[in-house]
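Topology and contacts: notes
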Amino acid sequence: EFAIVREIGVGGMGRVYLAQQVSLERSVALKVLSENFAQDANFIESFVKEARNAAALNHPNIVQAYAVNCDSGYYYFAMELVDGTTMKQVMMSSGRLVHEKVLAIARDVLGALAYAWDEKKLIHRDIKPDNIMFGNDGTVKVADWGIAKRVPTDNAVSMTTLELTTAKVFMGTPLYASPEQLQDTKSVDIRGDIYSLGATMYYSLVGK
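Presented here is a report on the structure given in the accompanying data block. (Residues numbered from 1 in each chain as written. Predicted model: local features only at pLDDT ≥ 70, side-chain atom pairs only at ≥ 80, totals over all residues. Heavy atoms only, no water.)

1. Notes on the side chain of Ser-204
Mapped onto the fold, Ser-204 is located in helix H6 (residues 190–206). Residue classification places Ser-204 among the buried residues on the basis of a relative accessible area of 0%. For Ser-204, the residues in contact, after removing those within four places along its chain, are Met-87, Met-91, Arg-96, Leu-97 and Val-102. (Helix = DSSP H or I, 4+ residues; strand = E, 2+ residues; numbered from the N terminus. Buried < 20%, exposed > 50% of the residue type's maximum accessible area, 1.4 Å probe, protein only. Contact = heavy atoms within 4.5 Å.)

See below:
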C-alpha cells in the first residue's frame, strides 16, 4: 500500500519515511516502529487501537492520520505529510520566538487538544517542539498522535484515572512530560497535555 521514498526523520519509537500511498497516489509520512516496540504484543495492541482513534480526528490543526497496519512484521502508522517545518527546527535555526508568535501558536495547539479531548477523550501525551509543525501556508498542526491515549468514559467523572500504555514503561518525552505522566501511579488526563504545552511555550520564549 505504501512505497517508501526516503527517510526523513528518526525518533524514540522508530523511523519516519516519505512514502507514496499507491492506491490514492498521494505522498504521506510513514512512521515504522522500531524492533523493540514491535516485539511487545501489549504495546502493539494499544498502539493500533489508539492510532485508529487518532485517525478519527478531523481538525485543521491536527495532522491527519491515514492508516495503521502491519506488513511482514513491520508495524507502521501513515499520516498526512506537512509541507513545512517543526517548531524545534525553527528554534534551532532562528533562536527564540517573539511572544506574539508563541501565543498564536499556543492558541492553535490548544484548539486541537480541546477538540481531541471533547470529541474523543484523547490525550496526546507527547506535546513538544518536535511535534508542533508549521505548514508553508502558516498553518499550525499538532503531529505524531502515535502514543495518544483514550481516557475511559464509563463513569460520570470527566477526569478519570488513566494507566500508561504498558506497565512500568514510560511513553513520551521526559523534558516536557507532566509529573503525573512520569509516575505511573498518578492519574493522567488533558491537564498533562496542557502542562507539556506550557513547557513548550517556555522553551520557545526563553530558548532553554
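Let's pick the thread back up.
2. Observations regarding the sheet that holds strand S8 (residues 132–135)
The strand order S6-S8-S9 describes an open sheet built from 3 strands, whose pairing is antiparallel. Bordering the open sheet on either side are strand S6 (84–86) and strand S9 (140–142), each of which pairs with just one other strand. On average, each strand axis in the sheet is inclined to that of its neighbour by 30°, with strand direction left out of account. Examined bridge by bridge, S6 and S8 share 3 bridges and lie antiparallel to one another. Following the sheet pairing, Thr-85 is matched in S8 by Phe-134. (Pairing = 2+ DSSP bridges. Axes fitted to C-alpha atoms, helices over the stretch in contact; angles between N-to-C directions.)

3. Things to note about the layout of surface pockets
Considering only enclosed or pocket space, the largest pocket measures out at about 960 Å³ in volume. Forming the boundary of the largest pocket are 36 residues, of which Gly-9, Val-16, Thr-86, Asp-130 and Asn-131 lie nearest the centre. At the level of elements, strand S1 (2–10), strand S2 (14–21), strand S3 (26–33), strand S5 (74–80), S6 and helix H3 (87–94) are the ones that each hand at least two residues to the lining of the largest pocket. Per-element accounting of the lining of the largest pocket gives the leading share, 4 residues, to S1. (1 Å grid on protein atoms, 1.4 Å probe; cavity = no way out; pocket = protein on both sides within 12 Å on 5 of 7 lines; lining within 4 Å. Points joined across faces, edges and corners; volume = space filled by probe spheres on them.)

Note that every value here comes from positions in space, so none of it alone points to a role or purpose.
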